[in-house]
Amino acid sequence: MSQLAGPVDIARVQRIRKTVLRLAALMLGAFVMISSSRWASHSPAHEVIEQIGIGLIVVAILGRCWSILYMGDGKSRRVVCRGPYSVTRNPLYFFAFIGAVGIGFQLGGVSYGAIVAGVFVLVFLPVTLREERHLENLFGEEFRRYKARVPRFIPKPGLWQDAEQVTLSPRALVSTFLDACLFLFAVPAMEFIEYLHDDVGLPSLMLLP
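This structure is a prediction, so every number in the text was calculated from the model and none was measured. (Residues numbered from 1 in each chain as written. Predicted model: local features only at pLDDT ≥ 70, side-chain atom pairs only at ≥ 80, totals over all residues. Heavy atoms only, no water.)

**Q** Now, about the overall build of the chain: what can you tell me, with residues and values included?
**A** Helix and strand content of the chain: 7 helices and 2 strands. If you list the helices and strands of the chain from N to C, you get α-β-α-α-α-α-α-α-β. Dimensions along the principal axes, computed over C-alpha positions, put the chain at roughly 60 × 35 × 30 Å. Buried positions account for 43% of the 209 residues belonging to the chain. (Helix = DSSP H or I, 4+ residues; strand = E, 2+ residues; numbered from the N terminus. Buried < 20%, exposed > 50% of the residue type's maximum accessible area, 1.4 Å probe, protein only.)

Given below as structure tokens:
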């Protein structure tokens, strides 16, 4: 089977992803400024949803760091297929998705998590498809066999294969950890928005469940 036609400029794809993600974050920020949760602030349901969100953010940070341990500096150098990469082709994006839902939950409404999840899919699915095309161009049949065996996104635990050892890239680990910690900034940011609505009197044009 021949390689896919047309090389993929993966650096350009990542630049576009970051630009679109920033724009999406700005639009989402504007949306949450004019909306609020139907659950009253500090109500038991509101607090539970917020705590679940914090838990998801912690899982996202730990999961992304765990995934990068198996990646090391191997991206675009080899097909990484051990550890979390043996159960999903995109564990870094999977855990980022979990963190994105956690950010939505910080507003105390399940619908916010669903909205953020939808935005995440719209931004990252095209990027994922282009990255896979890039890897298929690089590794050919080896990557096609991997793609046929391992699901793109939702992990399949029964496929787990561990590695006897991993090559740690300190720079990749630190970079991934710092990037993942950006999820934590959502906690004070969302609390500030709640403060504006509850104590300053910022009007809500819509209430979401």
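**Q** An account of a nonpolar patch on the surface is needed here, citing residue identities and associated values.
**A** A surface patch of nonpolar side chains, about 340 Å² in accessible area, is lined by Met33, Ile34, Leu205 and Met206. If you trace the backbone, Met33 turns up in helix 1 (residues 10–33). (Patch = residues over 30% accessible without salt bridge, like charges linked within 9 Å, V, L, I, M, F, W, Y side chains within 5 Å. Areas by Shrake-Rupley, 256 points an atom, 1.4 Å probe, with all protein chains shown as cover. Salt bridge = Lys/Arg side-chain N within 4 Å of Asp/Glu carboxyl O.)

**Q** I'd like a description of helix 3 (residues 91–105), backed by residues and values.
**A** With 15 residues, helix 3 extends 21 Å between its outermost C-alpha atoms, agreeing within 8% with the 21 Å of an ideal straight helix rising 1.5 Å per residue. Among the 15 residues of helix 3, 14 are classified as buried, and the element is accordingly described as predominantly covered. (Expected span 1.5 Å × (residues − 1).)

**Q** Pulling in residues and values, what's your account of the packing of aromatic side chains?
**A** Scanning the entire structure with this criterion turns up 13 aromatic pairs. Aromatic pair Phe94 and Phe95: ring centres 5.3 Å apart, planes at 70 degrees, arrangement edge-to-face. Phe95 gets classed as buried once you look at its relative accessible area, which sits at 11%. (Phe/Tyr/Trp six-rings, centres within 6.5 Å; stacked < 30°, edge-to-face > 60°.)

**Q** Any details on the nonpolar core? Residues and values, ideally.
**A** If you look at the biggest cluster of nonpolar residues, it comprises 23 residues, and the most contacted ones within it are Ile103, Leu107, Phe120 and Phe183. When residues of this core are traced back to their parent elements, those giving at least two are helix 1, helix 2 (44–71), helix 3, helix 4 (110–139) and helix 7 (186–200). Looking at which element gives the most residues to this core, the answer is helix 4, with 6 residues. Grouped together as the second largest cluster of nonpolar side chains are 12 residues, Val79, Leu92, Phe139 and Ala172 included. (Core = buried A, V, L, I, M, F, W, Y, C linked by side-chain atoms within 4.5 Å.)

**Q** Can you break down the packing of helix 2 against helix 6 (residues 170–181) residue by residue, with the values?
**A** Any two packed helices are characterised by how steeply their axes cross, that is the angle between the axes, and by the distance between the axes. Axis separation between helix 2 and helix 6 bottoms out at 9 Å; the angle between their running directions is 160 degrees. As summarised for this structure, helix 2 and helix 6 are arranged roughly antiparallel, according to the angle between their axes. For the pair helix 2 and helix 6, the sense of crossing is right-handed. Contacts between helix 2 and helix 6 involve Ile61, Arg64, Cys65, Ile68 and Leu69 from the first element and Ala172, Leu173, Thr176, Phe177, Ala180 and Cys181 from the second. A class-by-class count of the residues in the contact of helix 2 with helix 6 yields 9 nonpolar, 1 polar and 1 charged. (Axes fitted to C-alpha atoms, helices over the stretch in contact; angles between N-to-C directions. Parallel < 35°, antiparallel > 145°, perpendicular 65-115°, else oblique. Left-handed = near helix turned anticlockwise from the far one by under 90°. Contact = heavy atoms within 4.5 Å. Nonpolar A, V, L, I, M, F, W, Y, C, P; charged D, E, K, R; others polar.)

**Q** Which residues make up the environment of Val119, and what values do they have?
**A** Position of Val119 relative to the elements: it lies in helix 4. Given the relative accessible area of 28%, Val119 is considered partly exposed. Measuring from C-alpha to C-alpha, the distance between Val119 and Ala24 comes to 7.3 Å, with 95 residues separating the pair along the chain.

**Q** Describe the packing of helix 4 against helix 5 (residues 141–149), with residues and values.
**A** Orientation of helix 4 relative to helix 5, taken along the N-to-C sense of each, is 135 degrees, at an axis distance of 6 Å. Looking at the two axes, helix 4 sits oblique to helix 5. Where helix 4 approaches helix 5, its residues Glu132, Leu135, Glu136 and Phe139 are matched on the opposing element by Glu141, Glu142, Phe143, Arg144 and Lys147. Along the lines of polarity and charge, the residues of the contact of helix 4 with helix 5 split into 3 nonpolar, no polar and 6 charged.

**Q** Account for the confidence of the model for the chain, with residues named and values stated.
**A** Overall, the predicted model of the chain reaches an average pLDDT of 84, with 90% of residues at or above 70. Taken element by element, the predicted model of the chain shows its lowest mean pLDDT in strand 2 (residues 206–208) (76) and its highest in helix 5 (95). Note on residues 1–5: pLDDT under 50 across the span, and 9 contacts to partners over four residues away in sequence or across chains. (pLDDT = per-residue confidence, 0-100.)

**Q** Got a sec to walk through the pattern of salt bridges? Specific residues and values, please.
**A** Summed over the entire model, instances satisfying the criterion amount to 5 salt bridges. Between Glu136 and Arg144 there is a salt bridge whose closest N-O contact spans 3.1 Å. As far as the burial class goes, Glu136 and Arg144 line up, both buried. A salt bridge links Glu141 to Arg144, with the shortest nitrogen-to-oxygen separation between them at 3.3 Å. Highlighted residues: Glu141 and Arg144, both in helix 5, separated by 3 residues, approximately one helical turn. Among the residues examined, Glu141 registers a relative accessible area of 39% and is labelled partly exposed. Looking at Arg144, the relative accessible area reads 11%, which means it is buried. What you see here is one network of salt bridges that share partners, running through Glu136, Glu141, Arg144 and Lys147.

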